[in-house]
Amino acid sequence: MGALSQVGAIRMSCPQGSVRAFLPFGNPLRMILPSRSHMSPKLVSMLNTFEETLAERLKKLIPANKEEVQHLSWMQCAIKSMFEMHTDVKALIAALELPIHRCDRMWTDVYFDTSNKLLEICTVLNHHIAQLQDGLFYLKCAVVELNSGSLVEARTSLDDWKQQVDAKNSRVDQCFSALDYLAHMPDRPNIKQSAKEKVLRQAIYGVKVVTLFLASIFDASFSGSEKKLMDIQVPETYLWAENFTKLQSFMNTELRNIFSRGKATVVNEREAVDASVEKLFLDLQNGVDSVETEVLQTLKLEFEKSSENFALGLDLLAKELNDLFKDVIRGRNDLLDDIRIAFNFMDRSPVNENIGQLVR
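Owing to the predicted nature of the structure, the values given are computational and were not obtained by experimental measurement.

### Quick word on the overall build of the chain
At step 1: In terms of regular secondary structure, the chain is built from 10 helices and 5 strands.
At step 2: For the chain, with 360 residues in total, the buried portion stands at 47%.
At step 3: Within the chain, contacts between residues at least 6 apart in sequence are counted, and of these 80% link residues at least 24 apart.
At step 4: Working note: accessible area of the chain is about 18,000 Å², and carbon and sulfur atoms make up 53% of it.

What follows is the structure, encoded as structure tokens:
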């Protein structure tokens, strides 16, 4: 297939349930689909292995039931999969033995551009998590105040929690910009590429599509906005396309159902905290004397348990995200070191030394 074809039409939800084009400029996620028949058997095998591995990773992310969609544990698995996908790309680069000494190399630019946007997405998601973790401080204060009998102060801390987690996140637009750029990265179809570069290009395309989708899930879940969800269409020619379509359909359908019920959050652990906070707040707002000791004790235990579960889930999620961020940085630094070594070697080559002598 030598003709340019659109392989990733993206659409985003509207509050009314209709859909509009997510990205208004041109055709997003376009690329040339190189024919595998023009590749050597070795390259075909390498590409197939990469895509089959990606397909398996996507299969593992398909929830066994609707309840899994709302858990932080699913997000942890999703970020771990992103980590593994990036590791797979690095391994493929090493196996392909792509040239890094040529001035016209394009594959390094594609890798650096894609990984740079992945770092931006990691930063935004980390900001989402940090905002919730900052709110946990007020929950801890409330626990201490409840245990000491300072019910008025506990009510104030609960109110502070609600204000903290409901505050507008200033990094939301940055996440949208990163996803927008990632979807519209120039394909540069007129630049001649080797068969090896085309293999890497197809591999990175798969990772880019999955990254866009997962990032949209995280953004929608943390912001409580259905508008953040994406619908991405990919051709069936990819070995991972079927599992990606199943995962996307399952997640988006369930999340839209949750949002349609008017829920402000789709994260179970957060919802449990909000519910226990609301119960406590309502019982405390009428005055200390109106709260029965036995009722308060039950509500307090429920509140403590939900807060601890939420804090633990956020900590594990932040760890997975931090590991991904560090791995991407490490991959970029390793490639920069390889480029630096290659150019230093070229500068010391006999040909360059002879040229330098002639110039002198």
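After presenting the structure, the write-up continues.
### Describing unusual backbone geometry
At step 1: One non-glycine residue, Glu 97, lies in the positive phi region at around 55°.
At step 2: Counting through the fold element by element, Glu 97 comes out in the loop between α2 (72–96) and α3 (107–147).

### Focus: the environment of Glu 269
At step 1: In this structure, Glu 269 sits in helix α8 (residues 268–284).
At step 2: Ignoring sequence-local partners within four residues, the contact set of Glu 269 consists of Gln 70, His 71, Leu 72, Asn 309 and Phe 310.

### Let's talk about the packing of aromatic side chains
At step 1: All told, the structure shown has 8 aromatic pairs when counted by the stated rule.
At step 2: Judged by centre distance (5.5 Å) and plane angle (70°), the ring pair of Phe 137 and Tyr 138 falls under edge-to-face.
At step 3: Both rings, one in Trp 240 and one in Phe 244, keep their centres 6.0 Å apart while their planes meet at 85°; by these two values the pair is edge-to-face.
At step 4: Classification of Trp 240 by relative accessible area gives buried; the value is 0%.
At step 5: For Phe 244, a relative accessible area of 0% translates into the label buried.
At step 6: By way of ring pairs, the aromatic residues Tyr 205, Phe 213, Tyr 238, Trp 240 and Phe 244 are connected into one cluster.
At step 7: Here the guanidinium or amino end of Lys 162 rests over the ring plane of Phe 281, the centre of that ring lying 3.9 Å away.

### Digging into helix α1 (residues 41–61)
At step 1: The end-to-end C-alpha distance of α1 is 30 Å, a good match for the 30 Å that 21 residues give at a rise of 1.5 Å each.
At step 2: On its buried face, α1 is in contact with α2, α6 (195–223) and α7 (241–260).

### Brief notes about the packing of α1 against α2
What describes two packed helices is the angle between their axes and the distance between those same axes.
At step 1: α2 packs onto α1 with a crossing angle of 175° between their chain directions and a minimal axis gap of 10 Å. The pairing of α1 with α2 is recorded here as roughly antiparallel in orientation. Between α1, through Leu 43, Met 46, Phe 50, Thr 53, Leu 54, Arg 57 and Leu 61, and α2, the contact on the second element is made entirely by Trp 74, Cys 77, Ala 78, Ser 81, Glu 84, Met 85, Asp 88, Val 89, Leu 92, Ala 95 and Leu 96.
At step 2: Taken together, the residues that form the contact of α1 with α2 break down as 13 nonpolar, 2 polar and 3 charged.

### Quick word on the pattern of salt bridges
At step 1: Tallying each qualifying case throughout the model produces 13 salt bridges.
At step 2: A salt bridge links Asp 88 to Arg 57, with the shortest nitrogen-to-oxygen separation between them at 2.9 Å. Taken together, the positions of Asp 88 in helix α2 and Arg 57 in helix α1 put the pair 31 residues apart, joining distant regions of the chain. By the burial criterion, Asp 88 is buried, and Arg 57 matches it.

### Digging into the nonpolar core
The nonpolar side chains of soluble globular proteins are, as a tendency, buried together.
At step 1: Counting residues in each nonpolar core, the largest one holds 96 residues, and the members touching the most others are Trp 74, Phe 218 and Trp 240.
At step 2: Discounting residues that sit within four places of it in the chain, Trp 74 has contacts with Leu 61, Pro 63, Glu 68, Leu 214, Ile 217, Phe 218, Leu 247 and Met 251.

### Observations regarding the side chain of Ser 306
At step 1: Mapping Ser 306 onto the fold places it in helix α9 (residues 293–347).
At step 2: Non-local contacts of Ser 306, meaning those with residues more than four positions away in its chain, are made with Ala 272, Val 273 and Ser 276.

### What about α7?
Every α-helix carries 3.6 residues per turn, so stepping three or four residues along brings you back to the same face.
At step 1: Given a rise of 1.5 Å per residue, 20 residues ought to cover 28 Å, and the 28 Å separating the end C-alpha atoms of α7 matches this to within 8%.
At step 2: Buried residues of α7: Ala 241, Asn 243, Phe 244, Leu 247, Gln 248, Met 251, Asn 252, Glu 254, Leu 255, Ile 258 and Phe 259, and no others.
At step 3: Against the buried residues of α7 lie α1, α2, α6 and β5 (230–233).
At step 4: One or two residues past the end of α7 sits Gly 262, with phi positive at roughly 80°.

### Some remarks on the packing of α3 against helix α4 (residues 151–166)
At step 1: Direction vectors running N to C along α3 and α4 enclose 170°, while the axes themselves pass 8 Å from each other. It follows that α3 is roughly antiparallel to α4 by the angle criterion. Residues Gln 131, Leu 132, Asp 134, Gly 135, Leu 136, Tyr 138, Leu 139, Cys 141, Ala 142, Glu 145 and Leu 146 of α3 pack against Leu 151, Glu 153, Ala 154, Ser 157, Leu 158, Asp 160, Trp 161, Gln 164 and Val 165 of α4.
At step 2: Grouping the constituent residues of the contact of α3 with α4 by class yields 12 nonpolar, 4 polar and 4 charged.

### Some details on the confidence of the model for the chain
At step 1: Across the chain, the average pLDDT comes to 80, with 75% of residues at 70 or higher.
At step 2: Considering each helix and strand of the chain separately, the mean pLDDT is smallest for strand β3 (residues 19–21), with a value of 34, and largest for α1, with 95.
At step 3: Segment residues 353–360: pLDDT under 50, and 1 contact once partners within four positions in sequence are set aside and those in other chains are kept.

Calculation criteria
- Residues numbered from 1 in each chain as written.
- Predicted model: local features only at pLDDT ≥ 70, side-chain atom pairs only at ≥ 80, totals over all residues.
- Heavy atoms only, no water.
- Helix = DSSP H or I, 4+ residues; strand = E, 2+ residues; numbered from the N terminus.
- Buried < 20%, exposed > 50% of the residue type's maximum accessible area, 1.4 Å probe, protein only.
- Contact = heavy atoms within 4.5 Å.
- Areas by Shrake-Rupley, 256 points an atom, 1.4 Å probe, with all protein chains shown as cover.
- Phe/Tyr/Trp six-rings, centres within 6.5 Å; stacked < 30°, edge-to-face > 60°.
- Lys NZ or Arg CZ within 6 Å of the ring centre and 35° of its normal.
- Expected span 1.5 Å × (residues − 1).
- Axes fitted to C-alpha atoms, helices over the stretch in contact; angles between N-to-C directions.
- Parallel < 35°, antiparallel > 145°, perpendicular 65-115°, else oblique.
- Nonpolar A, V, L, I, M, F, W, Y, C, P; charged D, E, K, R; others polar.
- Salt bridge = Lys/Arg side-chain N within 4 Å of Asp/Glu carboxyl O.
- Core = buried A, V, L, I, M, F, W, Y, C linked by side-chain atoms within 4.5 Å.
- pLDDT = per-residue confidence, 0-100.

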